[in-house]
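# Results of the structural survey
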Amino acid sequence: VDANGNPIGRSGSPIDPLIVGMTVPTGGEIVISNPRNGVMTPIPGSIVDAIKTVFPASEWSTAMKIIAAESGGIGVVGTNSDGSRDVGPFQINTYHNNLNVFSKALGYTVTEANLRDNPLVAAQVAYELYKSSGNNWGAWTTYGAFIKGR
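This text gives an overview of the structure that appears in the document. What you are looking at is a predicted structure, and each value in this text was computed from that prediction instead of being measured. Sequence order sets the numbering: in each chain, residues are counted from 1 along the sequence as written. With pLDDT at 70 or above as the cut-off, local features in this predicted model cover only qualifying residues; side-chain atom pairs require 80 or more to be listed or tallied, and sums for whole chains, interfaces and linings still use all residues. The basis for the side-chain values is all heavy atoms of the structure; hydrogens and waters are excluded.

### Thoughts on the overall build of the protein chain
Note on conventions: DSSP H or I runs of at least 4 residues are helices, E runs of at least 2 residues are strands, and numbering of each starts at the N terminus. Per the secondary structure count, the protein chain includes six helices and five strands. From first element to last, N terminus to C terminus, the protein chain shows the α and β order β-β-α-α-β-β-β-α-α-α-α. With 150 residues in all, the protein chain has 44% of them scored as buried. Contacts are residue-level and defined by heavy atoms, with any inter-residue pair within 4.5 Å sufficient. Of all intrachain contacts in the protein chain linking residues separated by at least 6 positions in sequence, the fraction that spans at least 24 positions is 50%. Per-residue and other accessible areas follow the Shrake-Rupley method at a 1.4 Å probe size, with only the shown protein chains counted as cover for residues. Carbon and sulfur atoms form 51% of the exposed surface of the protein chain, whose accessible area is close to 7800 Å². Burial here depends on accessible area, computed with a 1.4 Å probe over protein chains only, as a share of the maximum for the residue type. Under 20% is buried, over 50% is exposed, and the range in between is partly exposed.

Structure follows, in structure tokens:
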């Protein structure tokens, strides 16, 4: 808690008040406002659980907003105009992000299939990308366009 009584995370960053004290049972879905358009967007419980397992609490809210803004979900693959693919809940671009680098960092083989279909793998890869970007969300264009500073 900071001097004003506001909760802070491990990194010293303020925690989004919508996430503080969040009581989400294991496997429990939450619904948040999509930062792109304000539409209420469900985040499946398995993704929420993965985020809570991998990310520090101070980043839970942003991670969920990224997923909502990216329209990512389990099993989702988007193809971009340049032919690259955005995969899984965090819509990790497999052209700009070499999966072998993530495999080495995580100690297991990251494939497009497990990135697409396994929320825990997706969260671990997203966290590695977040850390490799200087502990910020700049690798996601939706962060700068719809989330940062709001």
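We are not done yet, so read on.
### Some remarks on the sheet that holds strand β5 (residues 92–93)
Here, a strand pair is defined by DSSP locating no fewer than two bridges between the strands. One open sheet accounts for three strands, arranged β3-β4-β5; its pairing is antiparallel. Of all strands in the sheet, those bounded by a partner on one side alone are β3 (77–79) and β5. Judged from the three bridges that link them, β3 and strand β4 (residues 85–87) form a sheet pairing that is antiparallel. Of the residues in β4, the one forming a bridge with V77 is V87.

### Some details on the packing of helix α1 (residues 45–54) against helix α2 (residues 60–70)
In helix packing, the relevant descriptors are the interaxial angle and the interaxial distance, both defined with respect to the helix axes. For every element, the axis is a line fit to its C-alpha atoms; helices are fit only across the contacting stretch, and the angle between N-to-C directions ranges from 0 to 180 degrees. Here α1 crosses α2 at 140 degrees, and the two axes come no closer than 10 Å. In terms of orientation, α1 and α2 fall into the oblique class. Where α1 crosses over α2, the two elements pack in a sense that is right-handed. Packed against α1, whose contacting residues are I47, V48, I51 and K52, the element α2 presents W60, A63, M64 and I67 at the interface. Its residues placed into classes, the contact of α1 with α2 shows seven nonpolar, no polar and one charged. Angles are sorted into four bins: roughly parallel if under 35 degrees, roughly antiparallel if over 145, roughly perpendicular if 65 to 115, and oblique for all others. Here a crossing is taken to be left-handed if its near helix is turned anticlockwise relative to the far helix by less than a right angle, and right-handed if that turn runs clockwise. Basically, the charged four are Asp, Glu, Lys and Arg, the nonpolar ten are Ala, Val, Leu, Ile, Met, Phe, Trp, Tyr, Cys and Pro, and anything else, Gly included, counts as polar.

### Digging into the packing of aromatic side chains
Working definition: a ring pair exists when centres of Phe, Tyr or Trp rings (six-membered ring for Trp) sit within 6.5 Å. Plane angles under 30 degrees give stacked, over 60 give edge-to-face, the rest tilted. In total, this model carries eight aromatic pairs according to the counting rule given. Ring geometry for F55 and Y127: centres 5.0 Å apart, planes at 75 degrees, overall edge-to-face. In this pair, F55 is assigned in the loop between α1 and α2 and Y127 in helix α5 (residues 119–132), connecting sequence segments 72 residues apart. Judged by relative accessible area, F55 falls into the buried class, the value being 1%. Note on F55 and W137: the rings are 5.4 Å apart at their centroids and 25 degrees apart in plane angle, and the pair reads as stacked. Of the two residues, F55 is situated in the loop between α1 and α2 and W137 in the loop between α5 and α6 (141–147); the sequence distance between them amounts to 82 residues.

### Re the pattern of salt bridges
Proximity of charged atoms lets side chains of opposite charge pair with each other. Salt bridges are defined as contacts in which a side-chain nitrogen from Lys or Arg sits within 4 Å of a carboxyl oxygen from Asp or Glu. Going through the model one piece at a time under the given rule, you end up with three salt bridges. A salt bridge links E112 to R85, with the shortest nitrogen-to-oxygen separation between them at 2.4 Å. On the criterion of sequence distance, the pair formed by E112 in helix α4 (residues 112–117) and R85 in strand β4 is long-range, its members being 27 residues apart. Overall, the relative accessible area of 24% leaves E112 in the partly exposed class. A salt bridge links K131 to E128; the nearest nitrogen and oxygen atoms lie 3.1 Å apart. Of this pair, K131 and E128 both sit in helix α5, three residues apart, roughly one helical turn. On the basis of relative accessibility, which here comes to 37%, the residue K131 falls in the partly exposed class. Judged by its relative accessible area of 17%, E128 is buried.

Geometric values such as these leave the question of function open.
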